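The chain contents come next:
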Amino acid sequence: MKKNGKMKRGLRALAAALALSLALGSAALAAPEGATVWGYSEGLAQCELDGKWGYVNGDRQVVIPLQYDSIVSFQLGVAAVNLGGKLGVIRQDGTYLIAPEYDTLMPINCGLYIAQKGADWGVVSIVPFPDGAGGETHVLYPLEYAGVALEERGGTQVLSLTRRDGTVSRVPVFDLTAILTERGAPSAQFPLTRGRLPSFTDVSQRQWYALWVDIAYNVGLVSGVGGGKFNPTGTITVAEAL
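Keep in mind it's a predicted model, so treat the numbers as computed, not measured. Per chain, the residues get numbers from 1 upward, laid out in the order the sequence is written. Given that the model is predicted, a residue must reach a pLDDT of at least 70 before its local features are reported, and side-chain atom pairs must reach 80 or more before they are shown or counted; all residues, however, enter totals for whole chains, interfaces and linings. Working from all heavy atoms in the structure, the side-chain values ignore hydrogens and water.

A.B. asks: What is the right way to read the overall build of the protein from this model?
C.D. replies: Summing up its helical and strand segments, the protein has four helices and 16 strands in all. Out of the 242 residues in the protein, the part that is buried amounts to 37%. By definition, residues are in contact when any of their heavy atoms lie within 4.5 Å. Residue pairs in contact within the protein that sit at least 24 positions apart in sequence constitute 38% of those at least 6 positions apart. Segments assigned H or I by DSSP are reported as helices when at least four residues long, segments assigned E as strands when at least two residues long, and all are numbered from the N terminus. Buried means the residue's accessible area, taken with a 1.4 Å probe over protein chains only, is under 20% of the maximum for its type, while exposed means over 50%, and partly exposed covers the values in between.

A.B. asks: So what exactly am I meant to see when it comes to the pattern of salt bridges here?
C.D. replies: Any two side chains of opposite charge can pair, so long as their charged atoms come close to each other. Put simply, a salt bridge is a Lys or Arg side-chain nitrogen that is within 4 Å of an Asp or Glu carboxyl oxygen. All told, the structure shown has seven salt bridges when counted by the stated rule. K86 is the partner of D103 in a salt bridge, and the nearest nitrogen-oxygen pair spans 2.5 Å. With a gap of 17 residues between them, D103 in the loop between β9 (96-102) and β10 (104-107) and K86 in strand β8 (residues 86-91) connect regions that are remote in the sequence. You can call D103 partly exposed: its relative accessible area is 30%. Taken together, the shared-partner salt bridges in this structure form one network comprising E151, R153 and R170.

A.B. asks: In this structure, what is going on with the sheet that holds strand β1 (residues 29-30)? I would like to understand it.
C.D. replies: Note on sheets: strands pair through backbone hydrogen bonds, and any given pair is parallel or antiparallel. Any two strands with at least two DSSP-identified bridges between them are counted as paired. Strand order in the open sheet formed by five strands is β1-β5-β4-β3-β2, with antiparallel pairing between adjacent strands. Lying at the two open borders of the sheet, with one neighbouring strand each, are β1 and β2 (36-41).

A.B. asks: Looking at this structure, how should I read unusual backbone geometry?
C.D. replies: A negative phi angle characterises most non-glycine residues, just as the trans form characterises most peptide bonds. For R60, which is not glycine, the phi dihedral falls at a positive 60°. The topology assignment puts R60 in the loop between β4 (52-56) and β5 (61-68). Residue classification places R60 among the partly exposed positions, given a relative accessible area of 39%. The phi torsion at L76 lies on the positive side, around 55°, for a residue other than glycine. For L76, the position within the fold is in the loop between β6 (70-71) and β7 (78-83). Here L76 falls in the buried class, since its relative accessible area comes to 9%.

A.B. asks: Mind showing me how you'd approach the confidence of the model for the protein here?
C.D. replies: Close inspection of predicted coordinates is inappropriate for parts of the model with low pLDDT. Mean pLDDT over the protein: 84, with 77% of residues reaching 70 or higher. One number per residue, pLDDT, summarises how confident the predictor is, and it ranges from 0 to 100. Mean pLDDT across the elements of the protein bottoms out in helix α1 (residues 2-25) (49) and peaks in β6 (98). Overall, residues 6-13 carries pLDDT values under 50, and its contacts beyond four positions in sequence, including any with other chains, amount to nine contacts.

A.B. asks: Honestly, the packing of aromatic side chains in this entry has me stumped. Any pointers?
C.D. replies: Describing an aromatic ring pair means giving the distance of the ring centres and the angle of the ring planes. Each pair of aromatic rings taken from Phe, Tyr and Trp, with Trp reduced to its six-membered ring, is defined by centres within 6.5 Å and is described as stacked if the planes are under 30 degrees apart, edge-to-face if over 60, and tilted in the remaining cases. Scanning all chains against the criterion turns up three aromatic pairs. The criterion is that NZ of a Lys, or CZ of an Arg, lies within 6 Å of the ring centre and within 35 degrees of the ring normal, and then a charge sits over that ring. Seen from the ring of Y102, K117 lies directly overhead, with NZ or CZ sitting 5.1 Å from the centre.

Pasting the structure below:
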């Protein structure tokens, strides 16, 4: 029953996100004349004009303004952007999940990024969690380290945090979900695994729902109907909903 309850909560969250996506799309404007549109991913494509980048939807409507110096394609609903030489992370409505204030942002897993500002390194999250003082924070490990890196140790991927005195703390990557849960991160029960994406032949990356198919697959809510297909226009059964 616990698993079913978890799946129902996940489906309700995805339904709410779908409604938000549809509402945002209704206010979009057409891409400006002369703009170049690049390949689609999760319903949005990169769009460039005069050296500035943003995103358009499947109807070539601008949904995120062309204001960035560089961007990457969306994956699992997030994308890194460069604004004035500083890196941040946005979601598909353009809201910042990580403000553009870092010199380096390197994705790990579970929505975490290795972050650098000048000589200082740490780890930040796209999801805020309680800071222990009545507020919220995005910082999991403070930007006070001389270096932070992902390494392989004995066949296990670990996060290595090097202090200025040369001492090193190592955290297994598989422990990060539990650490986020302990800190009260609301999405820690549905950790996203970077790179774990479906390859359904009947789901076009130009479609608005491609994002939610990717996320549902990533967290184990769906696996398709077999034969490399998802059947996006099919009818869901009561058993599948439960």
